[in-house]
Amino acid sequence: MNRPLLGVLLGLVLGALDGSTAWFTAPELRPEVLGIVFGSCTKGLLVGLVTGFAVRKTGSLLRGLVVGTIVALAFTIPIAIMNANYYDNATYYWKIILPGAITGMLVGYATVRYGRRAQPRGA
Amino acid sequence: MLEAVRATDPEIRRRALERLAAAYWRPVYTYLRLHWREPEEEARDLAQGFFVALIERDLAARWDPSRARFRTWVRTCLDSFVADERRAAGRRKRGGGAVHVPLEAEGIEDELAGAIAPSTEDPDTFFRREWIRGLFTGSVRALRDELRAAGRETRLRLFERYDLADEADRPTYARLATEESLDIAKVGNELYAARARLRALVLERLRECTSDEAEYRAEARELFGTDEP
Amino acid sequence: MNRLSDEALAHLRDVTERPELPGDRYEIHERLGRGGMGTVWRATDRELARDVAVKVMTLPAASDRERGRLQREAHILARLEHPGIVPIHDIGQLADGRLWYAMKLVRGVALDRAVESVSALPARLRLFLRLCETVEFAHVQGVIHRDLKPANVMVGPFGEVLVMDWGVAKVLGEPEEGEPAAPPSAGAADASGGAATDGGAATDSTSPGTVLGTPGWMAPEQAAGRAHTVDPRADVFGLGRILHALVGSEPPRRLAAIVARAEASRPEDRYGTASELAADIDRFLSGTAVSAYREGALEKLGRLVERHRVAILLLLAYVVMRSLLFLWGDR
């Protein structure tokens with residue numbers, strides 16, 4: 001499977017799983033869990049897509065890890081800030097940023113490790 | 001020649017052994033002088049005795065080509081012979097019997113002046129190198145004789161000055177060309193011709209000293225294909 | 001006449017061996033090494049202004065058969081156009097009858113020396129995969145090397161792997177003249193003059209009954225004097241021996257099984273082709289199941305964990321982190 005597509009699928013699945021954990025980690029948000037899952041899926045999809053494109057030619061797993069983390073942080077930090085401010089709860093920084101960073105690492109790593117590397121042009 | 005050494009006809013065998021003695025005289029003598037540290041007279045005596053024993057006692061008939069090369073076998077026999085002789089109470093005067101061993105003895109002591117055998121060297125390696133030196137020495141002599149007989153004095157001079165010199169004393173082609181009033185290409189050609197002939201002479205002698213085509217080719221590979229002594 | 005000094009003797013041995021190639025095209029420099037049949041020299045090709053290697057037989061061919069061997073090696077090299085096989089440029093005969101050919105100069109070191117600086121097993125195996133690829137290419141072209149050993153594999157400065165010395169190679173479908181008539185005695189190689197004096201040179205094939213190949217590296221069926229009947233599995237054996245030397249004394253079990261299968265005594269117990277062997281090495285490197293080893297359930301689980309350990313660690317890190325957030329996230 002090519003890396004952008006694999007990134008999208010991984011992002012969707014991990015995003016859905018990550019979003020659904022809010023049911024347990026943030027019981028006060030249970031009424032909004034569907035929205036949270038949808039948002040998390042969207043975020044995962046975008047992280048997977050961008051990461052998949054960014055690493056489509058690399059052979060370095062470390063690069064996959066770093067790119068996945070940076071892209072995930074780029075998406076999760078603004079969301080964490082918005083949520084923390086909206087709910088006036090600083091714990092959202094950790095609850096959103098930390099899982100997001102680890103799923104980003106996972107997406108970046110798995111995309112390089114299991115996705116098909118794009119051939120250089122002309123090869 | 002080595003096949004003839006083991007021939008059943010005693011006369012063929014004797015003649016082959018005499019030729020063999022001529023081929024091996026130099027390394028045997030040098031080995032006795034430098035490795036066994038025998039004095040000149042004793043070394044000459046022992047060498048003569050060794051070849052006489054080879055011929056008269058039919059020692060060569062005991063050589064098994066499948067077990068060792070002839071050269072190695074000769075060296076081993078020589079060691080045993082010297083040890084036996086040293087054990088004997090008194091050394092009887094050897095030689096002078098029915099067998100005449102033609103020895104190219106002239107000048108060998110001058111050649112050996114100052115030469116020493118490395119004390120740590122394996123006897124086989126030492127004997128082998130002396131054997132190779134003997135091959136080349138004899139071949140260089142033959143080359144000299146040939147070139148003189150053919151009137152190729154210039155070629156001989158170039159060869160001696162360039163190829164027989166040690167590195168430090170070796171002149172350049174350009175210097176040789178100037179001194180001999182030749183162009184450099186001619187110097188190269190003359191040297192090439194001398195070397196090609198020397199190679200042929202060495203190989204002729206090598207063939208004489210080896211038992212069959214396989215041994216000849218193997219020896220040639222070691223002679224020319226390696227930097228080993 | 002003065003005694004020839006060691007230095008003068010060495011010089012005479014060198015200049016009487018040094019080939020004088022016809023014409024002005026090649027200038028011979030230093031000796032690079034020697035193979036079973038001859039010596040290899042570095043030379044400059046003046047016409048094309050490049051350095052080449054020139055292989056010269058030590059002696060004129062003793063027979064048409066021996067002459068044929070060098071010519072066949074040259075023809076084999078000419079037909080095997082592959083990055084892992086040294087291309088040949090020219091062939092000829094010296095005035096004294098010695099045959100020679102010029103080929104690309106390989107600036108590298110033999111595999112056994114090259115791997116001294118490559119300690120990581122995966123890196124060694126990747127070198128080995130390139131070797132397998134070259135051997136498989138030759139097999140597809142109908143050529144069996146028959147003398148694979150580390151000394152005949154060169155590794156270039158950029159990691160390129162080249163298979164050298166095709167002097168005893170066999171072309172499938174082409175009959176060889178004067179095949180050994182009978183299995184040789186154990187001392188055949190020694191008696192034939194110690195072509196193997198360095199312990200590694202290929203034995204000569206000029207005498208009936210001697211063995212083609214190098215003791216210790218050649219397949220049992222080849223060592224038994226049936227060199228003319230061997231098939232690509234003889235090279236698989238040679239590859240197996242090389243792999244054995246590369247992986248050290250205590251390789252992982254699955255790798256040990258690959259080695260054992262490659263160097264099995266009976267050809268039918270080996271991999272059928274070099275590419276099958278390479279495929280198993282590839283599987284080993286990627287952590288998937290290898291065909292040479294039947295693993296138990298626990299071993300399989302262990303291999304899967306090993307293969308996906310980073311992903312599993314990341315997942316575990318995620319679960320731990322989520323658990324911690326769940327337990328203490330609001331404090």
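Everything numeric here is computed off the predicted structure, so don't read it as measured data. (Residues numbered from 1 in each chain as written. Chains lettered and ligands numbered in written order. Predicted model: local features only at pLDDT ≥ 70, side-chain atom pairs only at ≥ 80, totals over all residues. Heavy atoms only, no water.)

## Brief notes about the overall build of chain C
- Looking only at helices and strands, chain C features 11 helices and 10 strands.
- Burial analysis of chain C (331 residues in total) assigns 52% to the buried set.
- By sequence separation, contacts in chain C at least 24 residues apart represent 59% of the contacts at least 6 residues apart.
- Approximately 14900 Å² of chain C is accessible, and the part contributed by carbon and sulfur atoms is 55%. (Helix = DSSP H or I, 4+ residues; strand = E, 2+ residues; numbered from the N terminus. Buried < 20%, exposed > 50% of the residue type's maximum accessible area, 1.4 Å probe, protein only. Contact = heavy atoms within 4.5 Å. Areas by Shrake-Rupley, 256 points an atom, 1.4 Å probe, with all protein chains shown as cover.)

## Considerations on the packing of helix α7 (residues 232–247) of chain C against helix α9 (residues 274–286) of chain C
Residue and element names in this part refer to chain C.
- Following both chains from N to C, one finds α7 and α9 inclined at 30°, their axes separated by 9 Å at the closest point. Between α7 and α9, the angle falls in the class roughly parallel. Crossing geometry of α7 relative to α9 is assigned as right-handed. Along the contact surface, α7 presents V236, L239 and L243, while α9 presents A274, L277 and I281. (Axes fitted to C-alpha atoms, helices over the stretch in contact; angles between N-to-C directions. Parallel < 35°, antiparallel > 145°, perpendicular 65-115°, else oblique. Left-handed = near helix turned anticlockwise from the far one by under 90°.)

## Description of the side chain of R71 of chain B
All names here are of chain B.
- Here R71 shows up in helix α4 (residues 70–87).
- Residue class for R71 comes out buried when judged on its relative accessible area of 7%.
- Among the polar contacts listed, one links the side chain of R71 to the side chain of E219, at a separation of 2.7 Å. (Polar contact = N/O pair within 3.5 Å; in protein donor to acceptor, adjacent residues only side chain to side chain.)

## Things to note about unusual backbone geometry
- The phi dihedral of D88 of chain A is positive, around 50°, even though this residue is not glycine.
- Topologically, D88 of chain A is positioned in the loop between α4 (61–87) and α5 (91–114).
- Residues other than glycine seldom take positive phi values, yet D165 of chain C does so here, at roughly 55°.
- Counting through the fold element by element, D165 of chain C comes out in the loop between β9 (161–163) and β10 (170–171).

## Notes on the pattern of salt bridges
- Scanning the entire structure with this criterion turns up 41 salt bridges over all chains.
- We note a salt bridge from E17 of chain C to R199 of chain B, for which the minimum N-O separation is 3.3 Å. Placement of the pair is E17 of chain C in helix α1 (residues 6–17) and R199 of chain B in helix α9 (residues 184–209), with the two residues belonging to separate chains.
- Residue classification places R199 of chain B among the buried residues on the basis of a relative accessible area of 4%.
- Overlapping salt bridges, with partners in common, bring together R25, D45, E47, R50 and D90 of chain C in one network. (Salt bridge = Lys/Arg side-chain N within 4 Å of Asp/Glu carboxyl O.)

## Describing the pairing of strand β5 (residues 99–104) of chain C
All names here are of chain C.
- Judged by how many residues are buried, β5 sits mostly within the fold: 5 of 6 residues are covered.
- Of the pairings in the sheet, the one linking strand β3 (residues 50–57) to β5 comprises 5 bridges and is antiparallel in character. Across the sheet, the residue bridging to A53 is M103, located in β5.
- Linkage of strand β4 (residues 88–93) to β5, two consecutive antiparallel strands, is achieved through a turn of 5 residues, within which G97 is found at a positive phi near 100°. (Pairing = 2+ DSSP bridges.)

## Concerning the sheet that holds strand β8 (residues 153–155) of chain C
Residues and elements named next belong to chain C.
- Pairing in this open sheet of 3 strands is antiparallel, and the strands run β6-β8-β9 from one edge to the other. On the outer flanks of this sheet lie β6 (109–110) and β9, each paired with one strand and no other.
- The pairing of β8 with β9 spans 3 bridges and is classified as antiparallel. Bridging from a neighbouring strand, V155 pairs with V161 of β9.
- Across the sheet, helix α4 (residues 121–140) touches β8 and β9, and the angle it forms with β9 is around 40°.

## Focus: the environment of T21 of chain A
All names here are of chain A.
- Within the secondary structure layout, T21 lies in the loop between α1 (3–20) and α2 (22–25).
- T21 gets classed as buried once you look at its relative accessible area, which sits at 18%.
- A distance of 2.4 Å separates a polar side-chain atom of T21 from the backbone oxygen of D18.

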